[in-house]
Amino acid sequence: MNRIAALGGAYSNPDALGAALSDARRRGCSSIVFLGDLGGFGVDPDGIAPLVRTDDVHCIAGNYDLAIASGAADCGCGYSNPRDNAWAQLMYDYTRAHTGQEFARWMGGLPGEWREQIGGLDIHGVHGSPLAVNDFFWESLPAADALRRVDASGADVLLCTHTGIPWQREIDGCLVVNVGTVGRNANDGRRCGWYAVLEIADGRARAEIVPVEFDWRAQARQMRAAGLPEAFAVSVESGWWTTCLEVVPPRERSRGRHQLYDDDLARLGDGDEIRADDALPVSPLFGSELFPPRLWLYSNFHCNLACDYCAVASSPTARRRSFGIDRARSLIDEALGAGVREIYITGGEPLLEPDIVRIVQHAADRAPTVLLTNAMLLTGRRLEAFAPLADHPWLTIQTSLDGATPETNDRVRGRDAFAATISGIAAAGELGLRVAVSTTETDANRDEIPALRDLVAELGVAPEDHAVRPLVARGESSEGMRVDDGGLVPELTATADGWHWHPVGADVASSPDLLVAPAGTPVGEAIALITERFLARRLEQGALPAPYACAVA
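What you are looking at is a predicted structure, and each value in this text was computed from that prediction instead of being measured.

Caption draft 1: Quick peek at the overall build of the protein chain. Secondary structure summary: the protein chain contains 17 helices and 21 strands in total. Over its C-alpha atoms, taken along the principal directions, the protein chain stretches across nearly 90 × 50 × 40 Å. Contacts in the protein chain between residues at least 24 apart in sequence constitute 68% of all its contacts with a sequence separation of at least 6. For the protein chain, the exposed area adds up to about 21900 Å²; of that, 49% sits on carbon and sulfur atoms. Looking at the protein chain, you have 49 positive and 76 negative side-chain charges, and the mean spots of the two groups are 3 Å apart.

Caption draft 2: Fine view of the sheet that holds strand E17 (residues 434–441). Strand order in the open sheet formed by 9 strands is E18-E17-E16-E15-E14-E13-E19-E20-E21, and the pairing between neighbours is mixed. If you trace the sheet from one side to the other, it starts and ends with strand E18 (466–470) and strand E21 (515–518), each paired once. On average, each strand axis in the sheet is inclined to that of its neighbour by 25°, with strand direction left out of account. Note that strand E15 (residues 369–372) and strand E16 (residues 395–400) share 4 bridges and pair parallel. For leucine 371, the partnering residue across the bridge sits in E16 and is isoleucine 397. Docked against the sheet, helix H12 (residues 356–364) engages strand E13 (294–298), strand E14 (342–346), E15 and E16, running at close to 170° with respect to E14.

Caption draft 3: Looking closely at the environment of glycine 36. Looking at where glycine 36 falls in the secondary structure, it is placed in the loop between strand E2 (31–34) and helix H2 (49–52). Glycine 36 gets classed as buried once you look at its relative accessible area, which sits at 0%. The contacts of glycine 36, once residues within four sequence positions are left out, are Gly8, Gly9, Ile60, Ala61, Gly62, Asp65 and His127.

Caption draft 4: Fine view of the sheet that holds strand E3 (residues 57–59). The strand order E3-E2-E1-E9-E10 describes an open sheet built from 5 strands, whose pairing is mixed. Edge strands, defined here as strands with exactly one partner in the open sheet, are E3 and strand E10 (204–213). Sheet twist, expressed as the mean angle between neighbouring strand axes with direction ignored, is 25°. One ladder, built from 4 bridges, connects strand E1 (residues 2–7) with E2; its direction is parallel. Directly across from leucine 7, in E2, lies its bridge partner phenylalanine 34. Seen against the sheet, helix H1 (residues 14–26) touches E1, E2, E3, strand E9 (192–201) and E10 and runs at an angle of roughly 140° to E10.

Caption draft 5: Here's a closer look at the state of the cysteines. Scanning the entire structure with this criterion turns up 1 disulfide. The thiol of cysteine 29 is not disulfide-bonded; the next cysteine sulfur, from cysteine 59, is found 15 Å away. Free of any disulfide, cysteine 310 has its nearest neighbouring cysteine sulfur in cysteine 307, separated by 6.4 Å.

Caption draft 6: Up close: helix H3 (residues 63–70). Listed in full, the buried residues belonging to H3 are Asn63, Tyr64, Asp65, Ala67 and Ile68. Residues of H3 that are buried make contact with helix H4 (82–97) and helix H5 (101–108). Backbone geometry just downstream of H3 places glycine 71 in the positive-phi region, at approximately 70°.

Caption draft 7: The arrangement of the pattern of salt bridges in detail. Under the defined criterion, the tally for this structure stands at 35 salt bridges. Two residues, glutamate 246 and arginine 253, come together in a salt bridge whose shortest N-O distance is 3.6 Å. A salt bridge links arginine 255 to glutamate 525, with the nearest nitrogen and oxygen atoms 3.0 Å apart. Note that arginine 255 is positioned in the loop between helix H9 (250–254) and strand E11 (260–261) and glutamate 525 in helix H17 (residues 523–541), a separation of 270 residues in sequence.

Caption draft 8: Highlighting a positive patch on the surface. On the surface, a cluster of positive charge is contributed by Arg191, Arg217, Arg221 and Arg257. Secondary-structure assignment places arginine 191 in the loop between strand E8 (174–178) and E9.

Caption draft 9: Focus on the packing of helix H11 (residues 325–337) against H12. In contact at an axis separation of 10 Å, H11 and H12 are set at 15° when each is read in the N-to-C sense. Considered as vectors, H11 and H12 are oriented roughly parallel to each other. Between H11 and H12 lies a crossing of right-handed hand. For the pair H11 and H12, the contacting residues are Ile325, Ala328, Arg329, Ile332 and Asp333 in the first and Arg358, Ile359, His362 and Ala363 in the second. Split by residue class, the contact of H11 with H12 holds 5 nonpolar, 1 polar and 3 charged.

Caption draft 10: Representation of the pairing of strand E7 (residues 167–171) within the structure. Pairing between E7 and E8: 5 bridges, direction antiparallel. Residue pairing for E8: tryptophan 167 is matched across the bridge by asparagine 178. Turn length for the E7-E8 hairpin, with the two strands adjacent in sequence and antiparallel, is 2 residues, and the turn residue aspartate 172 shows positive phi of about 50°.

Caption draft 11: Structural view of helix H7 (residues 216–225). Those residues of H7 not exposed but buried are Trp216, Ala218, Gln219, Ala220 and Met223. In the core, the buried residues of H7 are packed alongside helix H8 (230–238). One or two positions beyond H7, positive phi appears at glycine 227, with a value near 80°.

Caption draft 12: Seen up close, the side chain of aspartate 402. Counting through the fold element by element, aspartate 402 comes out in the loop between E16 and helix H14 (406–413). Excluding residues within four positions of it along the chain, aspartate 402 makes contact with Tyr309, Thr408, Asn409, Val412, Arg413, Ser438, Thr439, Thr440, Asn445 and Leu452.

Caption draft 13: Broad picture of the packing of aromatic side chains. Taken as a whole and judged by the stated rule, the model has 10 aromatic pairs. Measuring from centroid to centroid gives 6.1 Å for tyrosine 79 and phenylalanine 136, while their planes differ by 20°, and the two rings are stacked. Of the two residues, tyrosine 79 sits in the loop between H3 and H4 while phenylalanine 136 sits in the loop between strand E5 (121–125) and helix H6 (143–153), which places them 57 residues apart along the sequence. Centre to centre, the rings of phenylalanine 286 and phenylalanine 291 are 4.8 Å apart; their planes meet at 70°, and the pair counts as edge-to-face. The class for phenylalanine 286 is buried, based on a relative accessible area of 14%.

Caption draft 14: Representation of the environment of tyrosine 195 within the structure. Residue position: tyrosine 195 is located in strand E9. Residue tyrosine 195 is classed as buried on the basis of its relative accessible area of 0%. A distance of 3.4 Å separates a polar side-chain atom of tyrosine 195 from the backbone nitrogen of alanine 24.

Caption draft 15: Fine view of the confidence of the model for the protein chain. In this model, the protein chain carries a mean pLDDT of 95, and residues with pLDDT of at least 70 account for 97%. Confidence drops under a pLDDT of 50 for residues 269–278, and excluding neighbours within four residues, the segment shows 15 contacts in the predicted structure.

Caption draft 16: Structural detail: the pairing of E8. Counting buried positions over the 5 residues of E8 gives 5, a clear majority of the element. The alternating pattern of E8 places Cys174, Val176 and Asn178 and Leu175 and Val177 on opposite faces, both of which are buried. Relative to E8, strand E6 (residues 157–160) runs parallel, the two being bridged by 4 bridges. Residue pairing in the sheet places leucine 158 in a bridge with valine 176 of E8.

Rules and cut-offs
Residues numbered from 1 in each chain as written. Predicted model: local features only at pLDDT ≥ 70, side-chain atom pairs only at ≥ 80, totals over all residues. Heavy atoms only, no water. Helix = DSSP H or I, 4+ residues; strand = E, 2+ residues; numbered from the N terminus. Contact = heavy atoms within 4.5 Å. Areas by Shrake-Rupley, 256 points an atom, 1.4 Å probe, with all protein chains shown as cover. Lys, Arg positive; Asp, Glu negative; His and termini not counted. Charge placed at Lys NZ, Arg CZ, Asp CG, Glu CD. Pairing = 2+ DSSP bridges. Axes fitted to C-alpha atoms, helices over the stretch in contact; angles between N-to-C directions. Buried < 20%, exposed > 50% of the residue type's maximum accessible area, 1.4 Å probe, protein only. Disulfide = S-S within 2.5 Å. Salt bridge = Lys/Arg side-chain N within 4 Å of Asp/Glu carboxyl O. Patch = residues over 30% accessible without salt bridge, like charges linked within 9 Å, V, L, I, M, F, W, Y side chains within 5 Å. Parallel < 35°, antiparallel > 145°, perpendicular 65-115°, else oblique. Left-handed = near helix turned anticlockwise from the far one by under 90°. Nonpolar A, V, L, I, M, F, W, Y, C, P; charged D, E, K, R; others polar. Phe/Tyr/Trp six-rings, centres within 6.5 Å; stacked < 30°, edge-to-face > 60°. Polar contact = N/O pair within 3.5 Å; in protein donor to acceptor, adjacent residues only side chain to side chain. pLDDT = per-residue confidence, 0-100.

See the structure below:
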């Protein structure tokens, strides 16, 4: 058996590189190949030299090595976004200033690739890809793009680095192994680097991607002492990337902690309430104004009304889809553990669910909770069941009024809906429940909005607890605002059918385009999938989506 160690991206971190080399030798690797980028990110580029200038390490040049050797103005990393380039420039300027001339000259003599016949297989090592030294060979590349890189190599095994995230896959008979980087984490929350061990036996190759443990605390201290940006030290300490994110494709970026630079978020307003983690230049998408940290839970879809504009096609005859109390509680707990901070329980008509009060109490005891109901059923035993929740500081009951008169309201919501809703609002208020009201604005009620605001105030609802929202062309409505996942800020929405982009698209029959993941998908994975789709749409359209508020905040 032939065993080969393939490493990349030392990034001026001799502690990590030394640990990787020692591990490779301990594993009995007959060859050690370093695929480039000796400097960058860390504080000690010259400390790398004695580790790689040995007889058993075959080095090729990465873009960093070529840039340092030639005295280039920048690292040639292949970034196209100006913010990525600004952070990369800070890294490069430090490396260039702290790399000795003799080491730089040595790097200038490195070959651009490594290729050998081992065990009957053609093994090809490059830095970025066979197309270019700074080409990013991501795992998520479209199949045609990946195949183009494999064809350009023609090898049985293709080894590469540069992206910083390790992976392996067979592509058209070629084993492709991105070995990751030893000197920096892989944006996975782990404080370690990575390299690969390739084993060749009986004309076949298999690879193992191996973690590299190093003293990350010491590295962070050294970065701060050297005056490098705080964001670099925080990345080392957290295991998550804090800079150079725009180059990362949606799938890979969605798995990290941070997805957007803060100036993207600041475009939404004055930015006072939108801050990065501490003083970092980046923020997570989930938890921001562009993906609020709330869970929408559709308790059911059957309803005592059949409103002719219902975005999710609820009605008395709607297909029965309910969570039940055990699944609802489990989802709430899981969502809170994943970073959700607000819970909205809706339907259908949630009060038709036998365990709805216990579900609501479970939520409200843990986070601010809004129950969306038409309030028509807040009578008798149903109303009495809410008595333990009276004056609960984290519970709001939100209902809908779509006209200042019975004629206007009942035209879209059903006969006697106006009177029953008014009665339900009064009963909830008398019980000590906070009440909010939403209104869907249409051609039929637009002229009544001022009078409707006065009516809501007379019912004891605070002005800030009355929201007027536009009609959406979804579900039962063919009129109104057109929304899709490219122009609509996502809000994590769970139904018995799965996870959806937004509560206005939670009916899988009428809004299949807004289904994100099937039932049973963990909350964290659903958040990642929505984040990935958000980033993909942003790349396609070059713009940020707009929020559509279904509920009073």
